[in-house]
Every structure is written in C-alpha cells, then in structure tokens.
Amino acid sequence: MKNYTVKSNGTSLSIDTKGAQISSLKIGGLEYIWQRGDEWNGSAPILFPIVGELKGEGKSTIIKGKPYHITIHGFAGSREYSCKVISEDEVIMSFESNEETRSKYPYDYKFSVEFKVFDGGFKQTFIIENKSPERMPYIVGAHPGFRCPLFLGDKFEDYKIVFEKDETAEAYRIDADGLVDDSKSEKVFENGREIPLKHSIFNTGALLFEKLNSKSVKLINKKGKGVRMDYPDFDYFGIWKMKSPSAKYVCLEPWTGMNDCYSEDGIYEHKKGIRYIEENSSVSLEFTLTAI
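Residues numbered from 1 in each chain as written. Predicted model: local features only at pLDDT ≥ 70, side-chain atom pairs only at ≥ 80, totals over all residues. Heavy atoms only, no water.

Q: Would you take a moment to explain the overall build of the protein chain for this structure?
A: When helices and strands are counted, the protein chain shows one helix and 23 strands. Its C-alpha atoms give the protein chain a radius of gyration of 18 Å, near enough to 19 Å, the size a compact globule of 292 residues would have. When its C-alpha atoms are laid out on the principal axes, the protein chain stretches across 55 × 50 × 35 Å. Looking at the 292 residues of the protein chain, the share that counts as buried comes to 54%. For the protein chain, the accessible area works out to roughly 12500 Å², and carbon and sulfur atoms hold 46% of it. The centroid of the 40 positive side-chain charges in the protein chain is displaced by 4 Å from the centroid of its 44 negative side-chain charges. (Helix = DSSP H or I, 4+ residues; strand = E, 2+ residues; numbered from the N terminus. Rg over C-alpha atoms; globule rule 2.2 N^0.38 Å. Buried < 20%, exposed > 50% of the residue type's maximum accessible area, 1.4 Å probe, protein only. Areas by Shrake-Rupley, 256 points an atom, 1.4 Å probe, with all protein chains shown as cover. Lys, Arg positive; Asp, Glu negative; His and termini not counted. Charge placed at Lys NZ, Arg CZ, Asp CG, Glu CD.)

See the structure below:
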C-alpha cells in the first residue's frame with residue numbers, strides 16, 4: 001500500500017492506494033478526517049457493488065439466477081488500486097475486474113476514483129466503465145468520517161446536521177443482522193431540516209434516508225463552522241457513528257442504493273436504487289466537500 005498527497009494552497013488531501021481511502025484532509029493545519037482507532041478502524045471507505053449487508057443465505061444476492069456472496073459494503077474498499085494520474089492537486093486511482101471479483105459480482109469493468117483538491121476542500125468522483133457485453137447493474141457509495149468535535153473547546157452535542165431544504169422523510173434503521181425493515185421509520189428532523197447531534201441517536205445504528213429533497217448537507221457547530229457536502233448524483237444518504245460516546249466522529253454518506261430490506265426478494269437487480277450502465281458505456285458520480 002502507498003499513500004499519495006495532493007495539495008492546493010492551505011489544503012492537503014492524502015489517499016491510500018488500498019481501497020482508495022482518504023486518510024487525511026487538512027485545511028489550514030486542521031485535520032478534518034477521523035484518524036481511525038478502536039472506535040472505528042476506517043476513515044473514508046468506498047462502497048461497491050453494494051452498500052451495507054445482504055439478506056440472502058451467507059450474505060448473498062441473486063445475479064443472473066445464481067447466488068453471489070458479497071461481504072458488507074462490497075469489495076472496492078479492500079482492493080489495491082493503481083495510481084493512474086498524479087499532479088499537484090489531482091490523483092486518479094483505479095482497479096479492474098478479475099477472476100476474483102467476478103466470483104462475487106459477474107461483470108467486467110474498470111472502477112476509478114478521482115480526487116481533486118481545491119483551496120478549502122475536495123471533489124471526489126467515481127467513474128465506472130462497463131466492459132461487459134451486456135448492461136451492468138450497480139450500487140456505489142462513499143463513507144467519509146469527519147472528526148466531531150472539530151474545534152478546540154467544542155462538545156459533540158454542540159454540532160448539528162443541517163440539510164439545504166425542508167425534509168419530511170423519516171429515517172430507516174438497520175437491525176442486528178445489518179438489514180432494514182422498510183415498513184418502519186422514525187422522525188428525526190427538527191425545524192424541517194436539522195438533526196441536533198447526541199450520541200444516543202446512534203444507539204440503534206445509522207440513519208438511512210431515501211430520496212431526500214436536499215442535495216447538500218452541513219455538519220456545523222453553534223457558530224456555523226464545519227463542513228458542507230454537496231452530492232448531486234446520489235439519491236440515498238446515510239449518517240452514522242458507533243454509539244459509544246468515545247467515538248468522536250460523524251460519517252456523511254452519499255449512496256445510490258442501500259442495505260437489503262426485508263421487503264425485497266434478494267435479487268440484486270430488484271434492490272432499492274439499483275442503476276445500470278449500458279454496454280461499452282460509463283457513468284460518473286461526484287460529491288464535493290467544503291470547509292465552512
């Protein structure tokens with residue numbers, strides 16, 4: 001595994017080749033990314049070709065009439081990526097399908113991640129090229145974790161999550177098997193678009209949202225300082241941390257799909273949010289993170 005760092009003025013972004021996972025984001029000398037630890041040994045994993053867990057026997061899904069076992073969040077986060085492009089402020093990493101990946105997900109493709117840093121933040125772009133002789137279903141997502149509190153003197157409870165538009169959607173929850181009962185949901189928004197943070201709201205796991213009105217969200221303290229994420233290409237959104245009060249981070253997660261639901265039949269192409277890439281075509285999906 002190697003690590004690459006790209007910079008722009010007072011902003012630096014470091015990415016590991018294993019999983020193309022961001023390991024550091026420093027803006028004006030302040031670290032924004034969770035630095036891994038006992039409370040969570042990740043920092044910004046990539047999720048593909050599933051998000052969350054599967055419901056089938058042995059955590060499997062049916063593709064082309066056959067069961068395929070895929071572990072939580074898929075395998076893109078554990079692959080070793082090749083660094084294809086590197087400049088002062090940009091890096092592109094990629095991996096291609098092989099015999100091992102086809103044993104879990106029977107398609108041929110090239111999966112690339114582009115990181116472009118700018119003064120005060122970065123843009124992350126997923127580029128998926130379908131090299132199969134058929135259209136390819138897929139789900140992809142990001143899972144970056146941000147230190148919370150960010151600033152000296154703040155407490156976790158000083159922060160809130162604020163969406164750009166008023167929301168009426170309720171949050172799904174994940175059970176002990178990593179699955180979602182989508183017949184049940186709960187209200188979490190205050191004042192239409194705010195979620196005040198407290199450790200207890202994560203006692204039953206992540207907050208999962210389907211097709212929110214918003215395409216932008218902020219994690220901010222009482223002074224309005226923090227980060228803003230813009231995610232124009234994603235229809236699902238997750239907010240997560242481990243329930244322990246010592247887990248001082250919050251993950252903001254734009255996805256194109258979600259965990260298997262009990263209402264679903266276990267067929268991959270029937271999952272919530274499934275998308276397709278036509279033969280000899282590619283898709284590009286991006287989100288932007290900006291310090292505010």
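Past the structure itself, the notes keep going.
Q: Whenever I open this one, the layout of surface pockets confuses me. Can you help?
A: Unoccupied space between atoms shows up once a probe the size of one water molecule is rolled over them. Counted as a void, the largest pocket has a volume near 390 Å³. When the residues that make up the lining of the largest pocket are grouped by side-chain class, the tally is nine nonpolar, eight polar and three charged. (1 Å grid on protein atoms, 1.4 Å probe; cavity = no way out; pocket = protein on both sides within 12 Å on 5 of 7 lines; lining within 4 Å. Points joined across faces, edges and corners; volume = space filled by probe spheres on them. Nonpolar A, V, L, I, M, F, W, Y, C, P; charged D, E, K, R; others polar.)

Q: What is the right way to read the sheet that holds strand β11 (residues 121-130) from this model?
A: Note: strands within a sheet are paired through backbone hydrogen bonds, in either parallel or antiparallel orientation. Taken in spatial order, the nine strands line up as β8-β9-β10-β11-β23-β19-β18-β15-β16 in an open sheet, and their pairing is antiparallel. The open sheet has two free edges, formed respectively by β8 (82-86) and β16 (194-196), since each of these has just one partner strand. Direction aside, the axes of adjacent strands within the sheet are offset by 15° on average. In this structure, β11 lies alongside strand β23 (residues 282-291), joined through nine bridges in antiparallel fashion. (Pairing = 2+ DSSP bridges. Axes fitted to C-alpha atoms, helices over the stretch in contact; angles between N-to-C directions.)

Q: Mind showing me how you'd approach the packing of aromatic side chains here?
A: The description of two aromatic rings rests on the distance between their centres and on the angle between their planes. In total, this model carries 22 aromatic pairs according to the counting rule given. Judged by centre distance (6.0 Å) and plane angle (85°), the rings of F95 and Y109 are edge-to-face. Linking F95 in strand β9 (residues 90-96) with Y109 in strand β10 (residues 109-118), this pair joins segments that are 14 residues apart in sequence. Judged by relative accessible area, Y109 falls into the buried class, the value being 0%. Arranged with centres 4.7 Å apart and planes meeting at 35°, the rings of Y231 and F237 form a pair that is tilted. For the pair Y231 and F237, a shared accessibility class is recorded, and that class is buried. Above the plane of the ring of Y276 lies R135, whose end atom (NZ or CZ) is 3.7 Å from the centre. (Phe/Tyr/Trp six-rings, centres within 6.5 Å; stacked < 30°, edge-to-face > 60°. Lys NZ or Arg CZ within 6 Å of the ring centre and 35° of its normal.)

Q: What is the right way to look at unusual backbone geometry in this model?
A: The phi torsion of most residues other than glycine is negative, and most of the peptide bonds are trans. A cis geometry characterises the amide bond from F48 onward to P49, with omega recorded as 5°. If you check the backbone angles, R36 has positive phi at about 60° while not being a glycine. In this structure, R36 sits in the loop between β4 (30-31) and β5 (46-47). Unlike most non-glycine residues, K59 shows phi in positive territory, near 60°.

Q: Would you take a moment to explain the side chain of E194 for this structure?
A: Relative to the elements of secondary structure, E194 occurs in strand β16. Looking at E194, its side chain comes within polar contact range of the side chain of K160, at 3.3 Å. Not counting the four nearest positions on each side in its chain, E194 is found in contact with K160, I161, V162, V188 and F189. (Polar contact = N/O pair within 3.5 Å; in protein donor to acceptor, adjacent residues only side chain to side chain. Contact = heavy atoms within 4.5 Å.)

Q: Explanation requested: the environment of F151 in the structure shown.
A: In this fold, F151 is placed in the loop between β14 (145-147) and β15 (160-163). Sequence separation between F151 and K225 is 74 residues; the distance between their C-alpha atoms is 8.9 Å.

Q: How should I be thinking about the pattern of salt bridges in this particular structure?
A: A side chain with one charge can pair with a side chain of the opposite charge if their charged atoms come near. If you walk through the whole model with that rule in mind, you get 20 salt bridges. Ionic pairing is found between K215 and D235, a salt bridge with its closest N-O pair at 3.3 Å. In this pair, K215 sits in the loop between β17 (207-210) and β18 (216-220) while D235 sits in the loop between β19 (226-230) and β20 (236-240), placing the two residues 20 residues apart along the sequence. Overlapping salt bridges, with partners in common, bring together R79, E100 and K104 in one network. (Salt bridge = Lys/Arg side-chain N within 4 Å of Asp/Glu carboxyl O.)

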